[in-house]
Amino acid sequence: MICQNCGQHEATICVVKITGNKTEKQYICQYCVNKLNENFNNIINPFLGSIMELNNWQPGGDICPTCGQSKRKWEETGKLNCKDCYNFLNISKKHIGKRPKRNQQELYLINIIKEKQNQLKKLIEQEKYEEAAILRDEIKGLKENKEDKNDK
Amino acid sequence: MTNKLPNWLNAKGHQNDIVISSRVRLARNIDEYMFPRNMTRLEKEKLLESLKDIIETPEFNQELGKMTLIRLEEATPIERQYLLEKHLISPDMLEKYPSTGIVLGLDESISILVNEEDHLRIQSFFSGLNLEDAYIIADKIDDVLEKFYQYSYHEQYGYLTSCPSNVGTGIRFSVMMHLPALAMNGGLEKISQGLKKEGFVIRGFFGEGSKAYGDLYQISNQFTIGVKETEIMLSLNSKINDIIELEKESRSKLFLEQELHIKDMIFRAYGNLKYALILSAKEGMNDISLLRLGLERGMKFDQDLSYQQLNNLIVLAQPAGLQKYFAKTMEPEERDGKRPQLFQEILKIGGNK
Ligand SMILES: [Zn+2]
Ligand SMILES: [Zn+2]
(Lines give C-alpha, C1' and ligand atoms only; values in the text may rest on other atoms or scores of the structure.)
(Ligands and ions follow the chains in the order given, each with its own letter.)
Protein backbone atom coordinates (compact mmCIF):
# COMPACT_ATOMS: atom_id res chain seq x y z
CA MET A 1 0.00 0.00 0.00
CA ILE A 2 1.25 3.48 -0.89
CA CYS A 3 1.46 6.13 1.82
CA GLN A 4 -1.83 8.02 2.06
CA ASN A 5 -0.06 11.18 3.12
CA CYS A 6 2.73 11.69 0.58
CA GLY A 7 1.75 9.08 -2.00
CA GLN A 8 5.39 8.27 -2.62
CA HIS A 9 6.69 5.57 -0.31
CA GLU A 10 5.38 2.23 0.80
CA ALA A 11 3.15 2.66 3.83
CA THR A 12 4.36 0.75 6.84
CA ILE A 13 2.47 2.29 9.69
CA CYS A 14 -1.12 2.76 10.56
CA VAL A 15 -1.87 6.07 12.21
CA VAL A 16 -4.93 6.54 14.34
CA LYS A 17 -6.44 10.00 14.43
CA ILE A 18 -8.69 10.82 17.30
CA THR A 19 -11.07 13.75 17.41
CA GLY A 20 -13.62 13.71 20.18
CA ASN A 21 -15.02 10.19 20.03
CA LYS A 22 -14.41 9.69 16.33
CA THR A 23 -11.44 7.65 15.14
CA GLU A 24 -9.95 7.46 11.68
CA LYS A 25 -7.16 5.33 10.33
CA GLN A 26 -4.54 6.33 7.82
CA TYR A 27 -1.71 4.25 6.40
CA ILE A 28 1.49 6.24 6.05
CA CYS A 29 5.20 5.74 5.44
CA GLN A 30 8.13 6.09 7.84
CA TYR A 31 9.29 9.34 6.26
CA CYS A 32 5.97 10.95 7.04
CA VAL A 33 6.04 9.53 10.55
CA ASN A 34 9.46 11.09 11.11
CA LYS A 35 8.20 14.42 9.85
CA LEU A 36 5.22 14.07 12.11
CA ASN A 37 7.38 13.46 15.16
CA GLU A 38 9.60 16.40 14.31
CA ASN A 39 6.62 18.68 14.01
CA PHE A 40 4.75 17.47 17.02
CA ASN A 41 3.84 21.00 18.04
CA ASN A 42 4.17 22.60 14.66
CA ILE A 43 1.75 20.77 12.47
CA ILE A 44 2.20 20.58 8.72
CA ASN A 45 -0.70 18.52 7.51
CA PRO A 46 -4.29 19.10 8.51
CA PHE A 47 -5.14 15.42 8.59
CA LEU A 48 -2.20 14.62 10.80
CA GLY A 49 -3.06 17.62 12.95
CA SER A 50 -4.73 15.85 15.76
CA ILE A 51 -2.87 12.63 15.51
CA MET A 52 -2.06 11.10 18.81
CA GLU A 53 -0.09 7.94 18.48
CA LEU A 54 1.00 5.37 16.04
CA ASN A 55 0.67 1.70 16.07
CA ASN A 56 2.57 -0.70 13.93
CA TRP A 57 0.79 -2.18 11.01
CA GLN A 58 2.20 -5.39 9.73
CA PRO A 59 0.63 -6.36 6.39
CA GLY A 60 2.11 -9.81 5.77
CA GLY A 61 3.94 -10.28 9.06
CA ASP A 62 7.71 -10.54 9.01
CA ILE A 63 7.90 -7.01 7.72
CA CYS A 64 10.10 -4.44 9.39
CA PRO A 65 7.61 -1.89 10.74
CA THR A 66 10.04 0.98 10.22
CA CYS A 67 11.38 0.52 6.70
CA GLY A 68 9.00 -1.99 5.17
CA GLN A 69 11.67 -4.51 4.24
CA SER A 70 10.53 -8.13 4.41
CA LYS A 71 12.38 -10.79 6.34
CA ARG A 72 12.78 -12.79 3.15
CA LYS A 73 14.42 -9.88 1.33
CA TRP A 74 16.86 -9.53 4.21
CA GLU A 75 17.67 -13.22 4.04
CA GLU A 76 18.33 -12.91 0.30
CA THR A 77 20.55 -9.83 0.42
CA GLY A 78 22.06 -9.97 3.92
CA LYS A 79 21.55 -6.20 4.07
CA LEU A 80 19.63 -4.28 6.67
CA ASN A 81 17.72 -1.16 5.73
CA CYS A 82 17.27 0.33 9.16
CA LYS A 83 18.12 -0.30 12.77
CA ASP A 84 14.77 -1.99 13.43
CA CYS A 85 15.59 -4.67 10.84
CA TYR A 86 17.76 -6.07 13.63
CA ASN A 87 14.53 -7.63 14.94
CA PHE A 88 14.93 -10.20 12.14
CA LEU A 89 18.21 -11.32 13.62
CA ASN A 90 18.90 -13.51 16.55
CA ILE A 91 22.41 -12.75 17.71
CA SER A 92 23.46 -14.85 20.64
CA LYS A 93 26.54 -12.79 21.49
CA LYS A 94 26.36 -9.76 23.71
CA HIS A 95 28.24 -6.54 23.05
CA ILE A 96 30.76 -5.87 25.82
CA GLY A 97 32.82 -3.03 24.32
CA LYS A 98 32.46 0.72 24.27
CA ARG A 99 29.06 2.31 24.74
CA PRO A 100 27.96 5.85 24.01
CA LYS A 101 28.56 8.03 27.03
CA ARG A 102 25.49 10.16 26.70
CA ASN A 103 23.23 7.16 26.27
CA GLN A 104 23.84 6.07 29.81
CA GLN A 105 22.06 9.09 31.23
CA GLU A 106 19.35 9.11 28.60
CA LEU A 107 18.71 5.45 28.34
CA TYR A 108 16.47 5.42 31.37
CA LEU A 109 14.12 8.03 29.88
CA ILE A 110 14.16 6.40 26.45
CA ASN A 111 13.18 3.06 27.92
CA ILE A 112 10.36 4.59 29.91
CA ILE A 113 9.04 6.36 26.82
CA LYS A 114 9.19 3.14 24.80
CA GLU A 115 7.34 1.25 27.50
CA LYS A 116 4.62 3.90 27.71
CA GLN A 117 4.27 3.95 23.94
CA ASN A 118 3.62 0.22 24.01
CA GLN A 119 0.97 0.72 26.66
CA LEU A 120 -0.56 3.46 24.55
CA LYS A 121 -0.70 1.18 21.54
CA LYS A 122 -2.58 -1.40 23.56
CA LEU A 123 -5.05 1.19 24.87
CA ILE A 124 -5.78 2.32 21.30
CA GLU A 125 -6.27 -1.25 20.16
CA GLN A 126 -8.71 -1.70 23.02
CA GLU A 127 -10.35 1.57 21.95
CA LYS A 128 -9.86 3.08 25.43
CA TYR A 129 -9.36 6.53 24.02
CA GLU A 130 -9.82 8.62 27.14
CA GLU A 131 -7.07 6.77 28.99
CA ALA A 132 -4.96 6.89 25.83
CA ALA A 133 -5.23 10.66 25.67
CA ILE A 134 -3.93 10.99 29.23
CA LEU A 135 -1.00 8.68 28.49
CA ARG A 136 -0.26 10.57 25.27
CA ASP A 137 0.17 13.82 27.21
CA GLU A 138 2.38 12.06 29.70
CA ILE A 139 4.64 10.78 26.91
CA LYS A 140 4.77 14.22 25.37
CA GLY A 141 5.95 15.58 28.72
CA LEU A 142 8.65 12.93 28.99
CA LYS A 143 9.85 13.67 25.48
CA GLU A 144 10.13 17.37 26.26
CA ASN A 145 12.02 16.49 29.42
CA LYS A 146 14.45 14.46 27.33
CA GLU A 147 14.91 17.29 24.83
CA ASP A 148 15.69 19.71 27.68
CA LYS A 149 18.42 17.39 28.87
CA ASN A 150 19.86 17.25 25.38
CA ASP A 151 20.05 21.02 25.25
CA LYS A 152 22.09 21.26 28.40
CA MET B 1 42.24 18.86 -3.64
CA THR B 2 45.74 18.08 -2.47
CA ASN B 3 48.40 16.16 -4.34
CA LYS B 4 50.30 15.23 -1.24
CA LEU B 5 50.79 11.72 0.01
CA PRO B 6 49.16 10.44 3.17
CA ASN B 7 51.08 10.27 6.41
CA TRP B 8 50.86 6.49 6.74
CA LEU B 9 53.52 6.15 4.04
CA ASN B 10 56.16 8.08 5.98
CA ALA B 11 57.98 4.95 7.21
CA LYS B 12 58.55 6.41 10.67
CA GLY B 13 56.63 3.87 12.76
CA HIS B 14 57.63 0.71 14.61
CA GLN B 15 58.71 -2.42 12.71
CA ASN B 16 58.90 -0.33 9.59
CA ASP B 17 60.88 -2.88 7.66
CA ILE B 18 57.97 -5.35 7.62
CA VAL B 19 54.88 -3.40 8.68
CA ILE B 20 53.85 -0.57 6.34
CA SER B 21 50.81 0.76 8.18
CA SER B 22 48.19 0.23 10.88
CA ARG B 23 44.61 1.38 10.63
CA VAL B 24 41.40 1.45 12.62
CA ARG B 25 37.89 1.96 11.35
CA LEU B 26 34.75 2.54 13.45
CA ALA B 27 31.28 2.16 11.92
CA ARG B 28 28.59 4.39 13.43
CA ASN B 29 25.00 5.18 12.55
CA ILE B 30 22.70 7.96 13.61
CA ASP B 31 19.42 7.11 15.22
CA GLU B 32 17.16 9.51 13.35
CA TYR B 33 17.91 8.11 9.88
CA MET B 34 17.52 4.76 8.21
CA PHE B 35 20.77 3.21 6.97
CA PRO B 36 22.28 4.98 3.93
CA ARG B 37 21.07 2.33 1.48
CA ASN B 38 17.54 3.31 2.39
CA MET B 39 17.94 7.07 2.72
CA THR B 40 16.65 9.67 0.31
CA ARG B 41 19.12 11.97 -1.39
CA LEU B 42 17.70 14.84 0.62
CA GLU B 43 18.38 13.08 3.92
CA LYS B 44 21.92 12.26 2.83
CA GLU B 45 22.49 15.89 1.95
CA LYS B 46 21.12 16.90 5.34
CA LEU B 47 23.62 14.61 7.07
CA LEU B 48 26.49 15.97 4.94
CA GLU B 49 25.40 19.51 5.81
CA SER B 50 25.34 18.70 9.51
CA LEU B 51 28.92 17.39 9.33
CA LYS B 52 30.02 20.46 7.49
CA ASP B 53 28.67 22.56 10.37
CA ILE B 54 30.11 20.33 13.07
CA ILE B 55 33.68 20.45 11.77
CA GLU B 56 33.56 24.25 11.97
CA THR B 57 32.60 24.35 15.65
CA PRO B 58 35.24 25.33 18.24
CA GLU B 59 34.32 22.21 20.21
CA PHE B 60 35.34 20.04 17.27
CA ASN B 61 38.40 22.06 16.28
CA GLN B 62 39.86 22.13 19.77
CA GLU B 63 39.84 18.34 19.92
CA LEU B 64 40.63 17.35 16.35
CA GLY B 65 42.11 20.35 14.61
CA LYS B 66 41.14 21.52 11.18
CA MET B 67 39.32 19.05 8.95
CA THR B 68 37.74 19.57 5.54
CA LEU B 69 34.70 18.01 3.97
CA ILE B 70 35.08 16.83 0.38
CA ARG B 71 31.84 15.98 -1.40
CA LEU B 72 32.73 13.17 -3.77
CA GLU B 73 30.26 14.49 -6.31
CA GLU B 74 32.25 17.68 -6.59
CA ALA B 75 35.57 15.85 -7.06
CA THR B 76 36.78 14.76 -10.52
CA PRO B 77 36.87 11.03 -11.38
CA ILE B 78 40.69 11.07 -11.06
CA GLU B 79 40.49 12.71 -7.64
CA ARG B 80 38.02 10.06 -6.49
CA GLN B 81 40.27 7.32 -7.88
CA TYR B 82 43.23 8.90 -6.08
CA LEU B 83 41.32 8.84 -2.77
CA LEU B 84 40.71 5.14 -3.38
CA GLU B 85 44.37 4.47 -4.16
CA LYS B 86 45.33 6.21 -0.91
CA HIS B 87 42.89 3.81 0.77
CA LEU B 88 40.78 6.63 2.12
CA ILE B 89 37.53 5.62 0.40
CA SER B 90 36.14 2.21 -0.52
CA PRO B 91 35.79 0.78 -4.06
CA ASP B 92 32.05 0.88 -3.46
CA MET B 93 32.13 4.62 -3.00
CA LEU B 94 33.81 5.07 -6.37
CA GLU B 95 30.58 3.92 -8.00
CA LYS B 96 28.00 5.18 -5.54
CA TYR B 97 29.50 8.59 -4.94
CA PRO B 98 26.40 10.83 -5.14
CA SER B 99 25.67 12.44 -1.76
CA THR B 100 28.69 10.83 -0.12
CA GLY B 101 31.67 12.62 1.35
CA ILE B 102 34.90 12.36 3.27
CA VAL B 103 36.01 14.61 6.10
CA LEU B 104 39.80 14.73 5.93
CA GLY B 105 42.39 15.81 8.49
CA LEU B 106 45.38 17.84 7.38
CA ASP B 107 47.89 14.99 7.10
CA GLU B 108 45.15 12.56 5.96
CA SER B 109 45.85 10.27 8.90
CA ILE B 110 42.32 10.80 10.21
CA SER B 111 39.14 10.84 8.17
CA ILE B 112 35.39 10.30 8.40
CA LEU B 113 33.43 8.74 5.53
CA VAL B 114 29.88 10.02 5.27
CA ASN B 115 26.95 8.07 3.76
CA GLU B 116 28.98 5.07 2.74
CA GLU B 117 27.57 1.73 3.92
CA ASP B 118 27.08 3.32 7.35
CA HIS B 119 26.33 6.96 8.13
CA LEU B 120 29.78 7.55 9.57
CA ARG B 121 32.97 5.61 9.26
CA ILE B 122 35.76 6.98 11.39
CA GLN B 123 39.22 6.06 10.09
CA SER B 124 42.68 6.50 11.49
CA PHE B 125 45.97 5.50 9.88
CA PHE B 126 49.47 5.25 11.29
CA SER B 127 52.70 4.19 9.66
CA GLY B 128 54.39 1.04 10.94
CA LEU B 129 52.91 -1.17 13.66
CA ASN B 130 50.94 1.17 15.89
CA LEU B 131 47.42 -0.07 16.53
CA GLU B 132 47.33 1.62 19.95
CA ASP B 133 47.70 5.17 18.68
CA ALA B 134 45.40 4.47 15.74
CA TYR B 135 42.76 3.24 18.17
CA ILE B 136 43.19 6.10 20.65
CA ILE B 137 42.64 8.73 17.97
CA ALA B 138 39.66 6.93 16.36
CA ASP B 139 38.11 6.59 19.81
CA LYS B 140 38.61 10.30 20.41
CA ILE B 141 36.93 11.24 17.11
CA ASP B 142 34.06 8.97 18.13
CA ASP B 143 33.74 10.74 21.52
CA VAL B 144 33.64 14.13 19.81
CA LEU B 145 31.04 13.12 17.20
CA GLU B 146 28.92 11.54 19.90
CA LYS B 147 28.39 14.98 21.40
CA PHE B 148 26.63 16.00 18.21
CA TYR B 149 24.70 12.88 17.24
CA GLN B 150 22.50 10.30 18.88
CA TYR B 151 23.99 7.01 17.73
CA SER B 152 21.99 3.87 16.98
CA TYR B 153 22.92 1.72 19.93
CA HIS B 154 21.29 -1.43 21.24
CA GLU B 155 21.82 -2.67 24.80
CA GLN B 156 22.60 -6.21 23.68
CA TYR B 157 23.89 -5.76 20.14
CA GLY B 158 25.98 -2.63 20.69
CA TYR B 159 26.49 -0.17 17.82
CA LEU B 160 24.03 -1.04 15.06
CA THR B 161 25.54 -1.19 11.59
CA SER B 162 24.11 -1.57 8.12
CA CYS B 163 25.82 -4.93 7.70
CA PRO B 164 25.42 -7.25 10.71
CA SER B 165 29.04 -8.39 10.24
CA ASN B 166 30.13 -5.10 11.84
CA VAL B 167 27.61 -4.94 14.70
CA GLY B 168 28.81 -4.61 18.30
CA THR B 169 31.98 -2.57 18.47
CA GLY B 170 31.78 -1.64 14.76
CA ILE B 171 35.55 -1.81 14.82
CA ARG B 172 37.95 -3.09 12.17
CA PHE B 173 41.69 -3.11 12.84
CA SER B 174 43.99 -3.81 9.94
CA VAL B 175 47.71 -4.01 9.45
CA MET B 176 49.53 -3.88 6.11
CA MET B 177 52.63 -6.08 5.96
CA HIS B 178 55.36 -6.88 3.45
CA LEU B 179 55.79 -10.66 3.41
CA PRO B 180 57.91 -11.68 0.38
CA ALA B 181 59.71 -14.62 2.03
CA LEU B 182 56.52 -16.20 3.41
CA ALA B 183 54.89 -15.73 0.00
CA MET B 184 57.85 -17.47 -1.68
CA ASN B 185 58.15 -20.47 0.66
CA GLY B 186 54.40 -21.09 0.91
CA GLY B 187 54.25 -20.21 4.62
CA LEU B 188 51.32 -17.86 4.08
CA GLU B 189 48.90 -20.70 3.49
CA LYS B 190 49.50 -22.10 6.97
CA ILE B 191 49.40 -18.66 8.58
CA SER B 192 46.11 -17.92 6.86
CA GLN B 193 44.51 -21.07 8.28
CA GLY B 194 45.83 -20.35 11.77
CA LEU B 195 44.54 -16.77 11.66
CA LYS B 196 41.13 -17.88 10.48
CA LYS B 197 40.69 -20.13 13.50
CA GLU B 198 41.24 -17.16 15.77
CA GLY B 199 38.96 -14.79 13.90
CA PHE B 200 41.43 -12.93 11.70
CA VAL B 201 41.76 -12.78 7.91
CA ILE B 202 44.69 -12.11 5.63
CA ARG B 203 44.19 -10.64 2.14
CA GLY B 204 46.44 -9.52 -0.68
CA PHE B 205 46.68 -5.74 -0.82
CA PHE B 206 46.91 -5.70 -4.62
CA GLY B 207 44.71 -8.31 -6.25
CA GLU B 208 43.02 -11.30 -4.63
CA GLY B 209 44.27 -14.83 -3.91
CA SER B 210 46.80 -16.25 -6.35
CA LYS B 211 46.67 -13.04 -8.39
CA ALA B 212 48.08 -11.01 -5.48
CA TYR B 213 51.21 -9.06 -6.38
CA GLY B 214 53.71 -6.82 -4.65
CA ASP B 215 53.85 -9.14 -1.58
CA LEU B 216 51.76 -6.72 0.47
CA TYR B 217 49.12 -8.24 2.74
CA GLN B 218 46.42 -6.91 5.04
CA ILE B 219 45.51 -8.69 8.24
CA SER B 220 42.30 -7.73 10.01
CA ASN B 221 39.76 -8.92 12.58
CA GLN B 222 36.64 -10.69 11.42
CA PHE B 223 34.45 -10.49 14.51
CA THR B 224 33.12 -7.35 16.10
CA ILE B 225 30.70 -8.52 18.76
CA GLY B 226 31.23 -10.27 22.08
CA VAL B 227 34.79 -9.04 22.46
CA LYS B 228 36.20 -5.72 23.64
CA GLU B 229 38.00 -3.34 21.27
CA THR B 230 41.22 -3.51 23.27
CA GLU B 231 41.12 -7.33 23.38
CA ILE B 232 40.84 -7.49 19.59
CA MET B 233 43.69 -5.01 19.35
CA LEU B 234 46.01 -6.90 21.70
CA SER B 235 45.36 -10.25 20.13
CA LEU B 236 45.90 -8.88 16.59
CA ASN B 237 49.06 -7.19 17.78
CA SER B 238 50.45 -10.43 19.11
CA LYS B 239 49.53 -12.23 15.85
CA ILE B 240 51.38 -9.54 13.88
CA ASN B 241 54.46 -9.96 16.05
CA ASP B 242 54.35 -13.73 15.44
CA ILE B 243 54.14 -13.16 11.69
CA ILE B 244 57.04 -10.69 11.82
CA GLU B 245 59.18 -13.38 13.49
CA LEU B 246 58.15 -16.01 10.94
CA GLU B 247 58.91 -13.65 8.05
CA LYS B 248 62.32 -12.83 9.52
CA GLU B 249 63.15 -16.53 9.95
CA SER B 250 62.03 -17.27 6.40
CA ARG B 251 64.21 -14.46 5.07
CA SER B 252 67.27 -15.69 6.94
CA LYS B 253 66.68 -19.18 5.60
CA LEU B 254 66.16 -17.86 2.08
CA PHE B 255 69.40 -15.90 2.12
CA LEU B 256 71.27 -18.78 3.73
CA GLU B 257 70.13 -21.41 1.26
CA GLN B 258 69.73 -19.42 -1.97
CA GLU B 259 71.80 -16.31 -1.46
CA LEU B 260 73.11 -16.02 -5.02
CA HIS B 261 69.70 -16.66 -6.56
CA ILE B 262 67.81 -14.19 -4.38
CA LYS B 263 70.41 -11.43 -4.67
CA ASP B 264 70.37 -11.91 -8.42
CA MET B 265 66.59 -11.34 -8.40
CA ILE B 266 66.94 -8.20 -6.29
CA PHE B 267 69.66 -6.60 -8.41
CA ARG B 268 67.77 -7.46 -11.57
CA ALA B 269 64.69 -5.70 -10.14
CA TYR B 270 66.88 -2.65 -9.51
CA GLY B 271 68.27 -2.80 -13.05
CA ASN B 272 64.79 -3.26 -14.45
CA LEU B 273 63.47 -0.14 -12.74
CA LYS B 274 66.58 1.80 -13.73
CA TYR B 275 66.42 0.98 -17.44
CA ALA B 276 62.80 0.09 -18.21
CA LEU B 277 61.00 2.12 -20.87
CA ILE B 278 57.61 0.49 -20.34
CA LEU B 279 56.41 -0.58 -16.89
CA SER B 280 53.04 -1.83 -15.64
CA ALA B 281 51.94 -1.09 -12.06
CA LYS B 282 52.11 -4.81 -11.30
CA GLU B 283 55.67 -5.23 -12.59
CA GLY B 284 56.73 -2.09 -10.75
CA MET B 285 55.20 -3.29 -7.47
CA ASN B 286 56.90 -6.68 -7.75
CA ASP B 287 60.25 -4.96 -8.29
CA ILE B 288 59.60 -2.63 -5.34
CA SER B 289 58.93 -5.68 -3.17
CA LEU B 290 62.34 -7.12 -4.08
CA LEU B 291 64.12 -3.80 -3.47
CA ARG B 292 62.46 -3.56 -0.08
CA LEU B 293 63.62 -7.08 0.75
CA GLY B 294 67.18 -6.13 -0.30
CA LEU B 295 67.02 -2.97 1.80
CA GLU B 296 65.79 -4.94 4.80
CA ARG B 297 68.74 -7.31 4.41
CA GLY B 298 71.19 -4.40 4.34
CA MET B 299 72.05 -4.72 0.63
CA LYS B 300 73.70 -1.68 -0.99
CA PHE B 301 72.74 -0.30 -4.38
CA ASP B 302 74.60 2.35 -6.36
CA GLN B 303 71.98 4.81 -5.12
CA ASP B 304 70.84 4.81 -1.48
CA LEU B 305 67.17 3.88 -1.10
CA SER B 306 64.74 4.60 1.76
CA TYR B 307 61.56 2.90 2.92
CA GLN B 308 59.68 6.14 2.46
CA GLN B 309 60.58 6.29 -1.26
CA LEU B 310 59.42 2.71 -1.70
CA ASN B 311 56.21 3.38 0.27
CA ASN B 312 55.37 6.45 -1.78
CA LEU B 313 55.57 4.39 -4.94
CA ILE B 314 52.88 2.04 -3.58
CA VAL B 315 50.43 4.91 -4.11
CA LEU B 316 52.06 6.86 -6.93
CA ALA B 317 52.46 3.84 -9.24
CA GLN B 318 48.68 3.41 -9.39
CA PRO B 319 46.68 4.95 -12.26
CA ALA B 320 45.45 8.10 -10.51
CA GLY B 321 48.66 8.48 -8.49
CA LEU B 322 50.68 8.54 -11.69
CA GLN B 323 48.39 11.04 -13.37
CA LYS B 324 48.44 13.24 -10.28
CA TYR B 325 52.25 13.09 -10.17
CA PHE B 326 52.62 14.24 -13.77
CA ALA B 327 49.51 16.49 -13.54
CA LYS B 328 48.30 14.99 -16.79
CA THR B 329 45.41 12.77 -17.91
CA MET B 330 46.72 9.59 -19.56
CA GLU B 331 45.29 6.45 -21.12
CA PRO B 332 46.55 3.10 -19.73
CA GLU B 333 49.12 2.57 -22.50
CA GLU B 334 50.55 6.03 -22.10
CA ARG B 335 50.74 5.51 -18.34
CA ASP B 336 52.87 2.36 -18.75
CA GLY B 337 55.26 4.37 -20.91
CA LYS B 338 55.45 7.15 -18.33
CA ARG B 339 55.69 4.96 -15.22
CA PRO B 340 59.47 4.24 -15.55
CA GLN B 341 60.13 7.96 -15.30
CA LEU B 342 58.10 8.12 -12.08
CA PHE B 343 60.10 5.28 -10.52
CA GLN B 344 63.42 6.73 -11.69
CA GLU B 345 62.58 10.19 -10.36
CA ILE B 346 61.32 8.98 -6.99
CA LEU B 347 64.24 6.57 -6.49
CA LYS B 348 66.71 8.98 -8.18
CA ILE B 349 68.08 6.19 -10.37
CA GLY B 350 67.56 7.52 -13.91
CA GLY B 351 69.59 5.27 -16.24
CA ASN B 352 68.36 6.19 -19.73
CA LYS B 353 70.74 8.91 -20.76
ZN1 LIG C 1 4.59 9.29 3.11
ZN1 LIG D 1 13.91 -1.99 8.77
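Parameters and conventions
- In this convention, every chain numbers its residues from 1, walking through the sequence in written order.
- Here chains are named by letter from A upward and ligands by number from 1 upward, in the order in which they appear as written.
- Local features in this predicted model are restricted to residues of pLDDT 70 or higher, and side-chain atom pairs are both shown and tallied only at a pLDDT of 80 or more, whereas totals for entire chains, interfaces and linings draw on every residue.
- Derived side-chain values reflect all non-hydrogen atoms in the structure, with water molecules and hydrogen atoms excluded from consideration.
- Here, nonpolar core refers to any group of buried Ala, Val, Leu, Ile, Met, Phe, Trp, Tyr and Cys residues whose side-chain atoms link them within 4.5 Å.
- The buried label goes to any residue with under 20% of its type's maximum accessible area, the exposed label to any with over 50%, and the partly exposed label to all in between, with areas taken from a 1.4 Å probe on protein chains only.
- Runs of E in the DSSP output that reach at least two residues are strands. Runs of H or I that reach at least four are helices, and both are numbered from the N terminus.
- Any two residues whose heavy atoms approach within 4.5 Å are treated as being in contact.
- When two parts are brought into contact, each loses some accessible area as probed by a 1.4 Å sphere; the total of that loss over both is the buried area.
- Think of a salt bridge as a Lys or Arg side-chain nitrogen and an Asp or Glu carboxyl oxygen that are within 4 Å of each other.
- Two N or O atoms form a polar contact when they lie within 3.5 Å of each other; inside protein one atom must be a possible hydrogen donor and the other a possible acceptor, and for residues adjacent in sequence the pair counts only when both atoms belong to side chains.
- Residues are sorted three ways: Asp, Glu, Lys and Arg are charged, Ala, Val, Leu, Ile, Met, Phe, Trp, Tyr, Cys and Pro are nonpolar, and all the rest, Gly among them, are polar.
- In summary, the pairing rule links any two rings of Phe, Tyr or Trp, Trp by its six-membered ring, whose centres are within 6.5 Å, and it sorts them by plane angle into stacked for under 30 degrees, edge-to-face for over 60 and tilted for everything else.

Novice: Please explain the nonpolar core as it appears in this structure.
Specialist: Taken as a class, soluble globular proteins show a tendency for nonpolar side chains to be buried jointly. All names here are of chain B. Counting residues in hydrophobic clusters, the biggest one holds 54 residues, and the most contacted among them are Ile-102, Phe-343 and Leu-347. Of all the elements, helix 10 (residues 281-296) adds the most residues to this core, at six residues. When neighbours within four sequence positions are excluded, Leu-347 is seen to be in contact with Leu-273, Ile-288, Leu-291, Gln-303, Leu-305, Gln-309, Leu-310 and Leu-313. Membership of the second largest hydrophobic core comes to 53 residues, among which are Val-24, Leu-64, Val-114 and Ile-244.

Novice: Would you mind showing me how to read the environment of Tyr-135 of chain B here?
Specialist: Residues and elements named next belong to chain B. Looking at the secondary structure, you find Tyr-135 in helix 5 (residues 131-146). Along the chain, Tyr-135 and Leu-273 lie 138 residues apart, while their C-alpha atoms are 37 Å from each other. Setting aside its immediate chain neighbours within four residues, Tyr-135 contacts Val-24, Ile-171, Phe-173, Glu-229, Thr-230 and Met-233.

Novice: I keep staring at the interface of chain B and chain A and nothing clicks. Help me out?
Specialist: When the parts come together, some accessible area is lost, and that loss is often what is quoted as the size of the interface. Taken together, the 39 residues of chain B in the interface contact 34 residues of chain A. For the pair chain B and chain A, the two sides together bury roughly 3,200 Å², of which 50% comes from carbon and sulfur. Linking chain B with chain A are six salt bridges. Between Arg-99 of chain A and Glu-155 of chain B there is a salt bridge, with the nearest N and O atoms lying 2.7 Å from each other. Inspection of the chain B/chain A interface yields 17 residue pairs in polar contact (both at pLDDT 80 or more). Listed by contribution, the elements that provide at least two residues to the side of chain B that touches chain A are helix 1 (41-54), helix 5 and strand 7 (158-159) of chain B. The biggest single contributor to the side of chain B that touches chain A is helix 5 of chain B, with four residues. Of the residues assigned to the side of chain B that touches chain A, the class counts are 13 nonpolar, eleven polar and 15 charged.

Novice: Just checking my understanding: could you explain the packing of aromatic side chains for this structure?
Specialist: The description of an aromatic ring pair rests on the distance of the ring centres and on the angle between the ring planes. All names here are of chain B. Applying the stated criterion across every chain yields a total of ten aromatic pairs over all chains. Here the aromatic rings of Trp-8 and Phe-125 are separated by 5.7 Å at their centres, their planes lie at 20 degrees, and the arrangement is stacked. Highlighted residues: Trp-8 in the segment before strand 1 (19-28) and Phe-125 in strand 5 (residues 120-127), separated in sequence by 117 residues. Phe-125 carries the same exposure label as Trp-8, and that label is buried. Seen in terms of ring centroids, Tyr-135 and Phe-173 are 6.0 Å apart; in terms of plane orientation they differ by 55 degrees. Their pairing is tilted. Taken together, the positions of Tyr-135 in helix 5 and Phe-173 in strand 8 (residues 171-178) put the pair 38 residues apart, joining distant regions of the chain. Like Tyr-135, the residue Phe-173 is buried in the burial classification. Connected via pairs of aromatic rings, a cluster forms that spans Tyr-151, Tyr-153 and Tyr-159.

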